[in-house]
Amino acid sequence: MSVMVARKKVVRKWEKLPGRNTFCCDGRIMMARQKGIFYLTLFLILGTCALFFAFECRYLAVQLSPAIPVFAAVLFLFAMATLLRTSFSDPGVIPRALPDEAAFIEMEIEATNGTVPQGQRPPPRIKNFQINNQIVKLKYCYTCKIFRPPRASHCSICDNCVERFDHHCPWVGNCVGKRNYRYFYLFILSLSLLTIYIFTFNIVYIALKSLKIGFLNTLKETPGTYPSAGLSLTLLTVLEVLICFFTLWSVVGLTGFHTFLVALNQTTNEDIKGSWTGKNRVQNPYSHGNIVKNCCEVLCGPLPPSVLDRRGILQQEESTAQEESCPRGAGAAQGPAEESRAQQKDKDSSLPHPSAVPAPSPSHAEVPEEKQLTCGELPVPAQDAGQAEH
């Protein structure tokens, strides 16, 4: 016998979120779809540090100090932790308006702007908002159907509005916004220190080896690491030096630029657009006029929670057919007896309750109590005979 049973299938909200983000670990990790350059970032950091720890650190720890690899390991772990925290977190995505909310906003806009004559361009959808006695314009997002909060912008790569949008960084594989900007800044700062550290001690390593056997002999030295390929430890060190040298120009310069922005409490998006340095010379309403206060607000202020509720539950009901039956052996053994027992139970159920029936006279013979059958148990013939006589 088949029975229709309603079973609830748990669906997380991240599975239904719009935009071009990808999610892993049941919505705990949120990234952009283009992650190729992020993998390149991991390869460069892990590869350079692996060569440094495998070759130069052992020599420098013996010749100079064992604290050299320890400090390098601390910088490496901190840089990797901040990188993963920046890449795997919600940057501050603002949820899109629901259909009812979008319709209500459209009605408000039409009521405010009125009917636009045919052929004329409708006025821009802008709301004025006052911050620190200064008017800030809130722009309408036609994709998300909302008026974006101050300093928010729509990322064309992730297709989402991000609160306090700074920029989309392909090197970390995510947008940089209100919820992960401090980790992005700490990442590039620690990466700059790590790059300078490895670059410096690679030069020291080559200098120490050159003082002992000369620079040319150091390049020719093959201590058995890769004898078949003809590679020496010093050639690998030179490769590390070249990687660190070209990385310094970009990472250290980027760190200096963002240090300047943090001191002014300004975003990259605002700096590129000239929001506070344009023709109008509008003063930045978010700046406290003090470098220390601006740095404390950007880097040490309370971190707002995510408003996406990525792991929230959406329940959907599914009807599935389940078959309820006894085991095969039991069913074969109790076929006719079970039918007769079912008919007897139907007859008994049609009779009135025993308490409503008067007690039988002593002349009547007592009928033995009916034993309840279970699945796989055969009825006793004597009981059937007694019941037939009754």
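Residues numbered from 1 in each chain as written. Predicted model: local features only at pLDDT ≥ 70, side-chain atom pairs only at ≥ 80, totals over all residues. Heavy atoms only, no water.

As annotated in an unreviewed UniProt entry, the chain carries the name Palmitoyltransferase and is attributed to Bucorvus abyssinicus. Turning to the chain, the UniProt annotation filed under Catalytic activity (unreviewed entry) states: "L-cysteinyl-[protein] + hexadecanoyl-CoA = S-hexadecanoyl-L-cysteinyl-[protein] + CoA". Of the comments in the UniProt record for the chain, the one headed Sequence similarities (unreviewed entry) reads "Belongs to the DHHC palmitoyltransferase family. ERF2/ZDHHC9 subfamily." (UniProt positions renumbered as here; feature names shortened; annotations may be inferred.)

Caption draft 1: Representation of helix H2 (residues 67–87). Here H2 contains 21 residues, and its C-alpha end-to-end distance of 30 Å stays within 8% of the 30 Å for a straight helix at 1.5 Å per residue. Taken together, the buried positions of H2 are Ile68, Pro69, Ala72, Leu75, Phe76, Ala79, Met80, Thr82, Leu83, Thr86 and Ser87. In an axial view of H2, the angular spread of the buried residues amounts to 170°, which keeps them on one side of the axis. Those residues of H2 that are exposed and angled more than 90 degrees off the buried face are Val70 and Leu77. (Helix = DSSP H or I, 4+ residues; strand = E, 2+ residues; numbered from the N terminus. Expected span 1.5 Å × (residues − 1). Buried < 20%, exposed > 50% of the residue type's maximum accessible area, 1.4 Å probe, protein only. Arc of directions from axis to C-beta.)

Caption draft 2: Seen up close, the sheet that holds strand S4 (residues 93–94). Taken together, three strands build an open sheet; the order of strands is S4-S9-S8 and the sheet is antiparallel. Looking along the sheet, the strands with just one partner apiece sit at the ends: S4 and strand S8 (153–155). Note: S8 against strand S9 (residues 160–162), three bridges, orientation antiparallel. Each residue of the ladder has a partner; that of histidine 154, found in S9, is cysteine 161. (Pairing = 2+ DSSP bridges.)

Caption draft 3: Molecular detail of a nonpolar patch on the surface. A contiguous nonpolar surface patch, about 490 Å² in accessible area, is contributed by Ile37, Leu40, Phe43, Leu44 and Trp171. One can find leucine 40 in helix H1 (residues 36–63). Under the relative-accessibility criterion, leucine 40 is labelled partly exposed at 38%. (Patch = residues over 30% accessible without salt bridge, like charges linked within 9 Å, V, L, I, M, F, W, Y side chains within 5 Å. Areas by Shrake-Rupley, 256 points an atom, 1.4 Å probe, with all protein chains shown as cover. Salt bridge = Lys/Arg side-chain N within 4 Å of Asp/Glu carboxyl O.)

Caption draft 4: Here's a closer look at the UniProt feature "transmembrane region" (unreviewed entry) in the chain. Mapped onto this numbering, the UniProt entry gives "transmembrane region" (unreviewed entry) at residues 37–55, 67–84 and 183–208. Within residues 37–55, the helical portion is 100% and the strand portion 0%, while the C-alpha atoms at the span's ends are 27 Å from each other. For residues 183–208, the end-to-end C-alpha separation is 37 Å, with 100% helix and 0% strand making up the annotated structure.

Caption draft 5: Layout of the pairing of strand S6 (residues 134–141). Where strand S5 (residues 126–131) lies against S6, six bridges are found, and the strand directions are antiparallel. Along S6, the bridge assignment pairs phenylalanine 129 with valine 136. Two successive antiparallel strands, S5 and S6, enclose a turn made up of two residues, where asparagine 132 displays a positive phi of approximately 55°. Here S6 runs beside strand S7 (residues 146–147); their pairing, made up of two bridges, is antiparallel. What sits directly across from tyrosine 140, in S7, is phenylalanine 147.

Caption draft 6: Highlighting the sheet that holds S5. Here we have three strands laid out as an open sheet, ordered S5-S6-S7, and antiparallel in their pairing. Of all the strands in the sheet, just S5 and S7 have a single pairing partner and so form its edges.

Caption draft 7: Fine view of the pattern of salt bridges. Enumeration over the complete set of coordinates arrives at five salt bridges. Close ionic contact of glutamate 163 with lysine 178 constitutes a salt bridge, the shortest N to O distance being 3.4 Å. Residue glutamate 163 is located in the loop between S9 and strand S10 (167–169), and its partner lysine 178 is located in the loop between strand S11 (174–176) and helix H4 (181–213); the two are separated by 15 residues in the primary sequence. Judged by its relative accessible area of 28%, glutamate 163 falls in the partly exposed class. Residue lysine 178 is classed as partly exposed on the basis of its relative accessible area, which comes to 35%.

Caption draft 8: Expanded view of the side chain of asparagine 21. Structurally, asparagine 21 can be placed in strand S2 (residues 21–24). According to the relative accessible area criterion, asparagine 21 is buried, its value standing at 11%. At 3.3 Å, the side chain of asparagine 21 and the backbone oxygen of methionine 31 are in polar contact. (Polar contact = N/O pair within 3.5 Å; in protein donor to acceptor, adjacent residues only side chain to side chain.)

Caption draft 9: Structural view of the packing of aromatic side chains. Inspection of the entire model under this criterion finds 13 aromatic pairs. Between the aromatic rings of phenylalanine 53 and phenylalanine 76, the centroid separation amounts to 6.3 Å while the plane-to-plane angle is 75°, which identifies the pairing as edge-to-face. Within this pair, whereas phenylalanine 53 is found in helix H1, its partner phenylalanine 76 is found in helix H2, the two being separated by 23 residues in sequence. Ring centres of phenylalanine 245 and tryptophan 249 lie 6.0 Å apart, and the angle between their planes is 85°; this geometry places the pair in the edge-to-face category. One end of the pair, phenylalanine 245, and the other, tryptophan 249, are both in helix H6 (residues 233–264), four residues apart, so they sit about a helical turn from each other. Classification of phenylalanine 245 as partly exposed rests on a relative accessible area of 36%. When its relative accessible area of 64% is taken as the criterion, tryptophan 249 is described as exposed. Above the ring of tyrosine 140, the side-chain terminus of arginine 125 is found at 4.9 Å from the ring centroid. The ring of tyrosine 286 has arginine 151 lying over it, and the distance from NZ or CZ to the ring centre is 4.1 Å. (Phe/Tyr/Trp six-rings, centres within 6.5 Å; stacked < 30°, edge-to-face > 60°. Lys NZ or Arg CZ within 6 Å of the ring centre and 35° of its normal.)

Caption draft 10: Molecular detail of the environment of proline 302. Relative to the helices and strands, proline 302 is located in the loop between helix H8 (291–300) and strand S12 (313–323). Under the relative-accessibility criterion, proline 302 is labelled exposed at 80%. C-alpha separation for the pair proline 302 and arginine 179, spaced 123 residues apart in sequence, amounts to 9.7 Å.

Caption draft 11: Quick look at the packing of H1 against H2. One way to put it is that H1 packs onto H2 with a least axis distance of 10 Å and a crossing angle of 170°. By the angle between their directions, the pair H1 and H2 is classed as roughly antiparallel. Contact residues: Phe38, Thr41, Leu42, Ile45, Leu46, Cys49, Phe52, Phe53, Cys57, Leu60 and Ala61 in H1; Ile68, Pro69, Ala72, Ala73, Phe76, Met80, Leu83, Leu84 and Ser87 in H2. Along the lines of polarity and charge, the residues of the contact of H1 with H2 split into 18 nonpolar, two polar and no charged. (Axes fitted to C-alpha atoms, helices over the stretch in contact; angles between N-to-C directions. Parallel < 35°, antiparallel > 145°, perpendicular 65-115°, else oblique. Contact = heavy atoms within 4.5 Å. Nonpolar A, V, L, I, M, F, W, Y, C, P; charged D, E, K, R; others polar.)

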